[in-house]
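Examining the three-dimensional arrangement
The primary structure of each chain is shown beneath.
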Amino acid sequence: MVTTEREVRIAQAVSDLAHRPADADPLELMHDLTGHAVALLAVRGASITVLDHSVVSYVTASDETSLRLTEDQIILDEGPCLDSARTRTALAPTDLAAHWPHFAPRARAEGVTAVAAVSLRLPQMLLGALNLLLTDPSSLDDGDMELAQMLADTAGYTLAHRRELADTAGVLAQLQAALDGRIVVEQAKGMLVGRFGISMDQALTGLRAHARAQQQRLTDLAAQIARGKIPAEFHPVR
Amino acid sequence: MAHDEFTRLLHRLHQAALDGRDLSAASAATAARLLHLQALTLSLRAASGTLEPLWGTTADGLGAGLEEWQYTLGEGPTVDAARTAKAVTEADLTTPAAAQRWPVFTPAACDTPARAVIAVPLRLGVATVGTLTGYRTTPGPFTVVHRLEFDAFARTALNLLLNTQPDTLADPTGTAPGPDVSLHHAEIHQATGFLSSRLDITIEDALLRLRAHAFSHNRPLSDVAHDVLAERLHLALDP
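Computed from a predicted structure; not experimentally measured.

1. Remarks on the sheet that holds strand E2 (residues 51–56) of chain B
Residue and element names in this part refer to chain B. Taken together, five strands build an open sheet; the order of strands is E2-E1-E5-E4-E3 and the sheet is antiparallel. Both outer strands of the open sheet, E2 and strand E3 (88–90), are each paired with one neighbouring strand and no more. Across the sheet, the mean angle from the axis of one strand to that of its neighbour is 20 degrees, orientation sign disregarded. Pairing geometry for strand E1 (residues 39–45) and strand E5 (residues 127–136), over six bridges, is antiparallel. Residue pairing for E5: Leu 44 is matched across the bridge by Gly 130.

This is the structure:
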């Protein structure tokens, strides 16, 4: 039996999501989950939505377009990423136009015509959903959906077991940290765009790459930059 | 059940914020009662870091009076929470430790019925937008549950605060220029960072600058943020 390159990459992704230091950044973990989903599956982008005090919030997205499309749904109060966060169940690849008439045109403008979702769940609770934005409903098969669910479950277990705070309050505190952290990341991205004249996507990629290279938590690096202290060795585009 | 009533209050205020209502949607007296406090105040961080009273209960001697003291003295729990961006609590204002912590504020507070205080910064990313401060007339530690509830109310108050005119509270029926799901708009936070770097000002001042423009031109903050990022709108330092 030959091990394929994709199988190796899947194993690497699971390993990356499972092995995090005790003080890992929950936002970084969820962002990396979207990154792995995009790298391993035939999806245009990915985002994470959660139910926060009975209101759907986005946590993170793989790229600026996916972030916008997730935000659009929150503003329109309509769309698959809202439904998946509310029901917290998996959503098989679904054509947008038939179900979400207001959101579908905006998504189509970005080439997205269908969405699938798997639940972001912890051993003791359901948090929300990992949403997969598709250019074609047939681009994900059942095996792909299972893979997506396993990636999400791996991240969920890592989140739950961090600092041995496997209780609900501890998980909710981490979720809140992630929700607070995303604002810091957006402020830092704006700061980098203003300074280097790069795109928002390049700013996010640069942030993630620098945090990884320096073994710094994404949210900590973003906070430092948002306060105007851009590291001298920071390279905006890698 | 007080807890259920508190949960309903949070939910109603969250919805009010989504509908574009400002802080006048929240009754400070009700919030204080549900948080087991005798006074509750919200201070806004204005330009250059100064604090201004924006909302709160009106009990004699408590709350507003003590806040004014702190702004003048530059000392006290509210000032500390705003400066350090961390929660501040003092379980017993009559102790020597409290007097040592705030040599001028503490005696002034002890002249009022206030005996315990909690203050948390209202944070938007790395920006401290203001402070929520609560006073209790009985000494004693704040329990974990009390702190969590205080934090939860502070988050909701922050949403309403963003719809509130920077200089003053509008009339009780006043609304912001159109619903603005502020915290969901990544562009608002991106534009804050962008402006901060372009004008070489702090993130707090950049946010104030954006909000001042939005209110003075009667436009949603998200629209202003979008134009700033598209470089269609060039905001200078002065409003």
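2. Quick word on the domain arrangement of chain A
All names here are of chain A. For chain A, the assigned domains read domain 1 (5–166) and domain 2 (180–226). Each of domain 1 and domain 2 has a C-alpha centre, and these two points are 21 Å apart. In this assembly, 18 residues from domain 1 lie in contact with 14 residues from domain 2. Together, the buried faces of domain 1 and domain 2 total about 1200 Å²; carbon and sulfur atoms form 45% of this surface. Contact with domain 2 buries surface across domain 1, with Leu 27, Glu 28 and Glu 64 losing the most and accounting together for 38% of the total. For the pair domain 1 and domain 2, the number of links is five salt bridges. Of the charged contacts in the structure, one is a salt bridge between Arg 208 and Glu 28, with a shortest N-O distance of 3.5 Å. For the pair domain 1 and domain 2, the interface holds ten residue pairs in polar contact (both at pLDDT 80 or more).

3. Considering unusual backbone geometry
Of all residues except glycine, most have a negative phi; of all peptide bonds, most are trans. Residues and elements named next belong to chain B. Although it is not a glycine, Asn 218 adopts a positive phi angle of roughly 55 degrees. Along the chain, Asn 218 falls in the loop between helix H9 (203–216) and helix H10 (221–229). For Asn 218, a relative accessible area of 57% gives the class exposed. Unusually for a residue other than glycine, Glu 231 sits at a positive phi of about 60 degrees. As for its position among the elements, Glu 231 is in the segment after H10.

4. Quick notes on the nonpolar core
Grouped together as the largest cluster of nonpolar side chains are 76 residues, with contacts concentrated most on A:Leu33, A:Val59, A:Leu130, A:Leu132, A:Ile225 and B:Val228. Residue contributions to this core peak at ten residues, all from helix H8 (residues 168–196) of chain A. Setting aside residues no more than four positions away along its own chain, A:Val59 makes contact with A:Leu27, A:Met30, A:Ile48, A:Val50, A:Leu175, A:Ala178, A:Leu179 and A:Arg182. B:Ala16, B:Ala25, B:Ala26 and B:Ala31 belong to the second-largest nonpolar core, a separate cluster that totals 39 residues.

5. Points about the packing of helix H2 (residues 26–40) of chain A against helix H9 (residues 200–214) of chain A
All names here are of chain A. Running from amino to carboxyl end, H2 crosses H9 at an angle of 115 degrees, the nearest separation of the two axes being 12 Å. Crossing geometry of H2 relative to H9 is assigned as left-handed. Contacts from Glu 28, His 31 and Asp 32 in H2 reach Leu 204, Arg 208 and Arg 212 in H9.

6. Structural notes on the interface of chain A and chain B
You'll often see interface size given as the accessible area lost when the parts meet. Taken residue by residue, the interface counts 29 residues in chain A and 23 residues in chain B. In total, about 2200 Å² of surface goes out of reach between chain A and chain B, with carbon and sulfur atoms giving 60% of it. Linking chain A with chain B are two salt bridges. Where B:Glu187 meets A:Arg68, a salt bridge forms, and the shortest distance between an N and an O atom there is 3.4 Å. Scanning the region where chain A abuts chain B turns up twelve residue pairs in polar contact (both at pLDDT 80 or more). Going through the elements one at a time, strand E2 (55–61), helix H3 (64–76), H8 and helix H10 (218–226) of chain A are the ones with two or more residues in the side of chain A that touches chain B. Considering each element in turn, the side of chain A that touches chain B owes the most residues, 13 residues, to H8(A). Along the lines of polarity and charge, the residues of the side of chain A that touches chain B split into 13 nonpolar, seven polar and nine charged.

Rules used in this analysis
Residues numbered from 1 in each chain as written. Chains lettered and ligands numbered in written order. Predicted model: local features only at pLDDT ≥ 70, side-chain atom pairs only at ≥ 80, totals over all residues. Heavy atoms only, no water. Pairing = 2+ DSSP bridges. Helix = DSSP H or I, 4+ residues; strand = E, 2+ residues; numbered from the N terminus. Axes fitted to C-alpha atoms, helices over the stretch in contact; angles between N-to-C directions. Domains from an automatic or database assignment. Contact = heavy atoms within 4.5 Å. Buried area = accessible area lost by both parts, 1.4 Å probe. Salt bridge = Lys/Arg side-chain N within 4 Å of Asp/Glu carboxyl O. Polar contact = N/O pair within 3.5 Å; in protein donor to acceptor, adjacent residues only side chain to side chain. Buried < 20%, exposed > 50% of the residue type's maximum accessible area, 1.4 Å probe, protein only. Core = buried A, V, L, I, M, F, W, Y, C linked by side-chain atoms within 4.5 Å. Left-handed = near helix turned anticlockwise from the far one by under 90°. Nonpolar A, V, L, I, M, F, W, Y, C, P; charged D, E, K, R; others polar.

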